[in-house]
Amino acid sequence: GAPQGLRFGEMLRTRFTDMFACRIPLMNGPMAGVAGGELAAAVLRGGGLPFIAVGHAKNLESLDTEIGIYRAKTPPASPLCLGFITFSSTPSLAAILAKYKPLAVQFTAPAVLEDGSNIKIARDAGVRYIFAQVGRVADAREAIAANVDCIIAQGREAGGHGLRSELACATFPLCVAILREVEKHETPPLLLAAGGIVDGRGLAAALAVGCDGVVVGTRLVATKEALGGREGKEALVHADADSVIRTQVFDAIGNTLSTSPWPPPYDSAGALHNSTSKRWHDALPELHAALKAEGPSGPIASAYKSGAQNPDVTGVWMGEGVGSVEGIERVEEVLGRVEW
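As the structure is a computational prediction, the values presented were derived from the model and not from experiment.

**Q** What exactly am I supposed to notice about the overall build of the protein here?
**A** A count of helices and strands for the protein gives 15 helices and 11 strands. Computed over the C-alpha atoms, the radius of gyration of the protein is 19 Å, within 12% of the 20 Å expected from 2.2 N^0.38 for a compact globule of 340 residues. On the principal axes, the C-alpha backbone points of the protein span a range of 60 × 45 × 40 Å. Scored against the burial criterion, the 340 residues of the protein give a buried share of 56%. Look at the contacts in the protein between residues 6 or more apart in sequence, and 66% of them connect residues 24 or more apart. Just so you have it, the protein exposes about 14800 Å², and 53% of that area is on carbon and sulfur atoms.

**Q** Whenever I open this one, the nonpolar core confuses me. Can you help?
**A** Note on soluble globular proteins: their nonpolar side chains tend to be buried together. Grouped together as the largest cluster of nonpolar side chains are 72 residues, with contacts concentrated most on L82, F84, I151 and I178. Excluding its chain neighbours within four sequence positions, the residues that come into contact with I178 are V134, A140, I151, A153 and L191. F16, F20, A194 and V215 belong to the second-largest nonpolar core, a separate cluster that totals 16 residues.

**Q** What is the right way to look at helix α5 (residues 117-124) in this model?
**A** Two residues of an α-helix separated by three or four positions point the same way, owing to the 3.6 residues in each turn. Those residues of α5 not exposed but buried are N118, I119 and A122. Looking down the long axis of α5, one finds its buried residues gathered within 100° of arc, a one-sided arrangement. Pointing more than 90 degrees away from the buried face of α5 are the exposed residues K120 and D124. Buried residues along α5 sit against α4 (86-100), β4 (104-108) and β5 (129-134). G126, located one to two residues past α5, shows a positive phi value of around 85°.

Conventions adopted
- Within each chain, residues carry numbers counting from 1 in the order of the written sequence.
- Selection of residues for local features in this predicted model requires a pLDDT of at least 70, selection of side-chain atom pairs for listing and counting requires 80 or more, and totals for whole chains, interfaces and linings are taken over all residues.
- For the side-chain quantities, the full set of heavy atoms in the structure was used; hydrogens and water were omitted.
- Helical segments are the DSSP runs of H or I of at least four residues, strand segments are the runs of E of at least two, and each set is numbered from the N terminus.
- Note that the radius of gyration is over C-alpha atoms, with the globule rule given as 2.2 Å times the number of residues to the power 0.38.
- Categorising residues by exposure relies on relative accessible area from a 1.4 Å probe, with only protein chains included: less than 20% of the type maximum marks a residue as buried, more than 50% marks it as exposed, and the intermediate range marks it as partly exposed.
- What makes two residues a contact is simply this: any of their non-hydrogen atoms within 4.5 Å.
- Note on areas: Shrake-Rupley with a 1.4 Å probe; residue coverage comes only from the protein chains shown.
- Here, the term nonpolar core denotes a set of buried Ala, Val, Leu, Ile, Met, Phe, Trp, Tyr and Cys residues that are joined through side-chain atoms within 4.5 Å.
- The arc in question is the one spanned by the directions pointing from the helix axis to the C-beta atoms.

Here you go:
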């Protein structure tokens, strides 16, 4: 064990903490509708690297508000880090980067566009650090070839959007496989583990595997500073690992209603296994056929839309670490336990 009097926090120096001058090698997932200015400011105070979600870049007024909140609640030179859903936000990317000049950006779905344009736009805008979230080794190779600064290995256990289950890999086997790729390079990018990590045990496991740090998502959804309704946060408190499913059901229905439909293979999410997923998970072809016939105003899509606040109907994103969520707390309480 550690020498008497030496806290786990004092053993947490990694390339990540050195690079970003933070106490804990941890960032929050830039989850759309969750990671706003309050959450980011609290992550910074708690010792981690804070990210604000740009998401699909559909509501730039709201983004401006959240960045304003973050800047008002943090010291002047605090790092601004923004997370983008690549397939939908790239048309707005250059303008957002020019306006806010973030220190770091994260790209996901996909991490690197086929023509590499998202990485080029970020580099041309002077972004210092580019984070690329991937769910398989082939995508990690692309990100390494694009000279990103940090790779996030998102495992199948993660909550929210990620690769379809049959294409995905568990978090730690994925990390080990990507480490083999990373280590071939003279200036290897950082590697962070994402998926199922909710506390110091998960962080310790990631560091033992060889990662430079972790991304925490689900645990930070159930905090006072996170955006989002009370019903969804309470659902996380009551759920455990057996409550979670990775499914295409919520995207199949949600895409019918959305102006930014999720493309394959990212049209899959870790979520509460509720009445909607129980009805359709094993009947996806039937669901797709019904939605095609009915359209966005048909009974399936309408029931889903009207149940948007009901955790038994709507998609409530959560990862398999959700069983460790015992209450809706302040971010600094959560991170304080990680650090100890």
